[in-house]
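Residues per chain, in single letters:
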Amino acid sequence: VEVGGFLFKYLLQNPPHQLLEDECTKMSDFGTLLAGSLPRVRVVSATAEPLGKPGAEPVSRVVVHIANEGYLSTRGTEQAAEIGAVREEALATLELADGQELLGASPRPAVGPFPHLEGRASGHSGMSTLHPSRYENWTESFNPHEARLEWLVAGAGSVKVKLDFERGGVHEAAIELAPAPAAAL
């Protein structure tokens, strides 16, 4: 018995002193492995394709191609999804400047949910939870690690796309639209 009581952490929660260094090494190795497994989202490309000038303003197709190069999904783990610790879907926001308009024929709203991206772990048994039929308009060829988002925008200047994956981080891209129409002489 120690005089004045005992040191709770040292006596009851840690391994014996001679094993402590090995235990700390194992725990720090696990932390490093976990950090290396986290989602790594990359904006592969962000472009605006001029579609012409059907009205007073030029129209552009804004396309953002994103990929998760990490091991885990952008929602983190399946357990995080099951207990509601993350949103069910990621969130995309298209910020328009003055004089720009999102066209109604656009397949997606300026702000809206889109599927989380799977990670390399989805190739392992039981890890993929996406249903291609639900998200078929988001990708050209369905690949749960990647997504292609697009909008039709009328106007000139630039737009900003913001992608919020929670566990996969927040990513932004500025995209220059079709040039403004030349002034009449």
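Higher on the page you've got the structure.
Right, let's walk through the structure included here.

Cut-offs used in this document
Residues numbered from 1 in each chain as written. Predicted model: local features only at pLDDT ≥ 70, side-chain atom pairs only at ≥ 80, totals over all residues. Heavy atoms only, no water. Patch = residues over 30% accessible without salt bridge, like charges linked within 9 Å, V, L, I, M, F, W, Y side chains within 5 Å. Areas by Shrake-Rupley, 256 points an atom, 1.4 Å probe, with all protein chains shown as cover. Salt bridge = Lys/Arg side-chain N within 4 Å of Asp/Glu carboxyl O. Helix = DSSP H or I, 4+ residues; strand = E, 2+ residues; numbered from the N terminus. Buried < 20%, exposed > 50% of the residue type's maximum accessible area, 1.4 Å probe, protein only. Pairing = 2+ DSSP bridges. Axes fitted to C-alpha atoms, helices over the stretch in contact; angles between N-to-C directions.

This part covers a nonpolar patch on the surface. Residues Phe 30, Leu 33, Leu 34 and Leu 38 make up a contiguous nonpolar surface patch of roughly 390 Å² in combined accessible area. Tracing the backbone shows Leu 38 in the loop between helix 2 (17-37) and strand 1 (41-52). Judged by relative accessible area, which is 41%, Leu 38 ranks as partly exposed.

Under the definition given, this model contains 10 salt bridges. The salt bridge involving Arg 87 is made with Asp 164; its shortest N-O contact spans 3.5 Å. Here Arg 87, found in the loop between helix 3 (78-82) and strand 3 (90-95), pairs with Asp 164, found in strand 7 (residues 158-164); they are 77 residues apart in sequence, far enough to count as distant. Under the relative-accessibility criterion, Arg 87 is labelled partly exposed at 31%. Put simply, Glu 172 and Lys 160 hold a salt bridge, and the shortest N to O gap is 3.5 Å. Of this pair, Glu 172 sits in strand 8 (residues 170-176) while Lys 160 is found in strand 7, placing the two residues 12 residues apart along the sequence.

Attention now moves to the sheet that holds strand 8. Reading across the sheet, the 4 strands line up as 5-3-7-8 and stay open at both edges, with antiparallel pairing between neighbours. Strands at the two margins of the open sheet, each flanked by one partner only, are strand 5 (111-114) and strand 8. With direction set aside, neighbouring strand axes in the sheet form an average angle of 20°. Sheet topology note: the strand 3/strand 7 ladder contains 5 bridges and is antiparallel. In the strand pairing of strand 7, Thr 93 is matched with Lys 162.

Once that is clear, we can look at the pairing of strand 3. Within a regular beta strand, the side chains point alternately toward one face of the sheet and then the other, so they alternate between its two faces. Sheet topology places strand 3 next to strand 5; 4 bridges connect them, and they run antiparallel. Bridging from a neighbouring strand, Thr 93 pairs with Val 111 of strand 5.

Neighbouring strands of a sheet are bound in pairs by backbone hydrogen bonds; such pairs are parallel or else antiparallel. Taken in spatial order, the 4 strands of this open sheet run 1-2-6-4, and their pairing is antiparallel. In the strand order of this sheet, the two ends are held by strand 1 and strand 4 (101-102), each with one partner. As paired strands, strand 2 (residues 59-68) and strand 6 (residues 146-154) are joined by 9 bridges and run antiparallel to one another. The residue bridging Ile 66 from the neighbouring strand is Ala 147, located in strand 6.

On their own, these measurements won't tell you what the molecule is for.
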